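Coordinates in review
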Amino acid sequence: ESDKGFDKGGGTPGFDFSDVMVHQGIHTIEFVLGAVSNTASYLRLWALSLAHAELSDVFLEKLLIMPIETKNPVLIIIGFFMWLGATIGVLMLMESLSAFLHALRLHWVEFQNKFYNLHGSGRKFMPFSLSNASQQADAPRATS
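A brief report on the enclosed structure follows. (Residues numbered from 1 in each chain as written. Predicted model: local features only at pLDDT ≥ 70, side-chain atom pairs only at ≥ 80, totals over all residues. Heavy atoms only, no water.)

To continue, consider the overall build of the protein. Within the protein, the regular secondary structure consists of 3 helices and 0 strands. Each helix and strand of the protein, placed in order from N terminus to C terminus, yields the pattern α-α-α. Counting over 144 residues, the protein shows a buried share of 10%. Within the protein, counting contacts between residues at least 6 apart in sequence, those at least 24 apart form 47% of the total. Surface summary for the protein: the accessible area is close to 12,000 Å², and the carbon and sulfur share equals 69%. (Helix = DSSP H or I, 4+ residues; strand = E, 2+ residues; numbered from the N terminus. Buried < 20%, exposed > 50% of the residue type's maximum accessible area, 1.4 Å probe, protein only. Contact = heavy atoms within 4.5 Å. Areas by Shrake-Rupley, 256 points an atom, 1.4 Å probe, with all protein chains shown as cover.)

What follows is about the packing of aromatic side chains. How two aromatic rings sit relative to each other is given by the distance of their centres and the angle of their planes. Summed over the entire model, instances satisfying the criterion amount to 2 aromatic pairs. With centroids separated by 5.3 Å and ring planes inclined at 75°, the aromatic side chains of F80 and F81 adopt a geometry described as edge-to-face. Measuring from centroid to centroid gives 5.9 Å for F80 and W83, while their planes differ by 35°, and the two rings are tilted. A residue pair is termed a helical-turn pair when its members lie 3 or 4 positions apart in one helix, as F80 and W83 do in helix α2 (residues 73-111) at 3 residues. Cluster of aromatic residues (ring-pair linked, three or more members): F80, F81 and W83. (Phe/Tyr/Trp six-rings, centres within 6.5 Å; stacked < 30°, edge-to-face > 60°.)

Phi is positive for K71, which is not a glycine, with a value near 60°. For K71, the position within the fold is in the loop between α1 (17-70) and α2.

Negative charge collects at one region of the surface, where E54, D57, E61 and E69 lie side by side. Residue placement: E61 occurs in helix α1. Residue E61 is classed as partly exposed on the basis of its relative accessible area of 34%. (Patch = residues over 30% accessible without salt bridge, like charges linked within 9 Å, V, L, I, M, F, W, Y side chains within 5 Å. Salt bridge = Lys/Arg side-chain N within 4 Å of Asp/Glu carboxyl O. Lys, Arg positive; Asp, Glu negative; His and termini not counted. Charge placed at Lys NZ, Arg CZ, Asp CG, Glu CD.)

Further remarks concern a nonpolar patch on the surface. A cluster of nonpolar side chains, contributed by I77, F80, F81, L84, I88, M92, L93 and M94, occupies part of the molecular surface with about 800 Å² of accessible area. For L84, the location among the structural elements is in helix α2. A relative accessible area of 31% means that L84 is categorised as partly exposed.

Now for α1. For α1, built from 54 residues, the straight-helix expectation of 80 Å at 1.5 Å per residue is met to within 8% by its first-to-last C-alpha distance of 78 Å. Along its length, α1 reaches its greatest deviation from straightness, about 30°, at E61. Burial in α1 covers these residues: N38, S41, F59, L63, L64 and P67. Positive backbone phi, approximately 60°, marks K71, located one or two places after α1. (Expected span 1.5 Å × (residues − 1). Bend = angle between axes of the 7 residues up to and from the residue.)

Encoded structure:
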């Protein structure tokens, strides 16, 4: 019977350097991929805000400023209501929903993966409270 990986005395697992290196390599790759994923998610939000700014500029230029330059009152009124509809419909409703969903996704995926994971080694999220902190400070500590 092979005793590789166990010490001779009690049958407890011994230290295997190659296992530790492989395990740490996997964790390093997971950490780097997670960091890149989080950065890409926040860059996606930044790109959405740039698209929002450009879209509002196009609506302003094409639907409000161009009719004003014609000095035609009917065209100005039509342009204003088209601009108002496009601003409320596209920019306010659709962009707000998009930003909300992206922020919700970031909180759910990127933030929660720091506390919960498949291997059970995450820690439970506990918001800071003074009563919990004082109870932990007053609790007797177990000594071994």
